[in-house]
Amino acid sequence: GGQGASLALEDAMLLGQLVGEHVRPLEQSFARFEQLRRSRAEAMVARGYENDQRSLKELGAFGMWMRDTVMMPLFAPLIGKALTKVYAGDPALAA
């Protein structure tokens, strides 16, 4: 569902906070992190699976094949290049 990067940022922020508190041993910080994050991560995995099943139903096997083998290889590099410019602060792209 496109949530992987967002979850990674959330994870990094929380883990940094827990480890940075220095109030418990590192192993306990990781255990607390897992306790706090596991249900959200599992929910995102389930949502991704549901989205994939819905796409399969809507697009059909051929439509998904077209998306994955034709459309994504064609457009992903273009999208990646545009995002690189955005995150690098290229003002020409914003115009």
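Below: a short report on this structure. Just so it is clear, the model here is predicted, and its values are computed rather than measured.

Cut-offs and rules
- Residues numbered from 1 in each chain as written.
- Predicted model: local features only at pLDDT ≥ 70, side-chain atom pairs only at ≥ 80, totals over all residues.
- Heavy atoms only, no water.
- Salt bridge = Lys/Arg side-chain N within 4 Å of Asp/Glu carboxyl O.
- Helix = DSSP H or I, 4+ residues; strand = E, 2+ residues; numbered from the N terminus.
- Buried < 20%, exposed > 50% of the residue type's maximum accessible area, 1.4 Å probe, protein only.
- Contact = heavy atoms within 4.5 Å.

## Notes on the pattern of salt bridges
This model, assessed by the stated rule, comprises 8 salt bridges. Salt-bridge contacts for Arg-37 lead to Glu-10; the nearest nitrogen and oxygen are separated by 2.9 Å. Pair noted here: Arg-37 is in helix 2 (residues 26-88) and Glu-10 is in helix 1 (residues 4-20), with a separation of 27 residues, a long-range link. Classification of Glu-10 by relative accessible area gives partly exposed; the value is 27%. Arg-67 serves as the salt-bridge partner of Asp-68, at 2.7 Å between the closest nitrogen and oxygen. Under the relative-accessibility criterion, Asp-68 is labelled partly exposed at 40%. Bridged by salt links that share partners, the residues Glu-10, Asp-11, Arg-37 and Arg-40 form one connected network.

## Examining the environment of Asp-11
Its location among the elements puts Asp-11 in helix 1. The exposure class of Asp-11 is partly exposed, given its relative accessible area of 25%. Sequence spacing of Asp-11 and Val-70 is 59 residues, and the spatial spacing of their C-alpha atoms is 33 Å. Once residues within four sequence positions are removed from consideration, Asp-11 is found in contact with Phe-33 and Arg-37.

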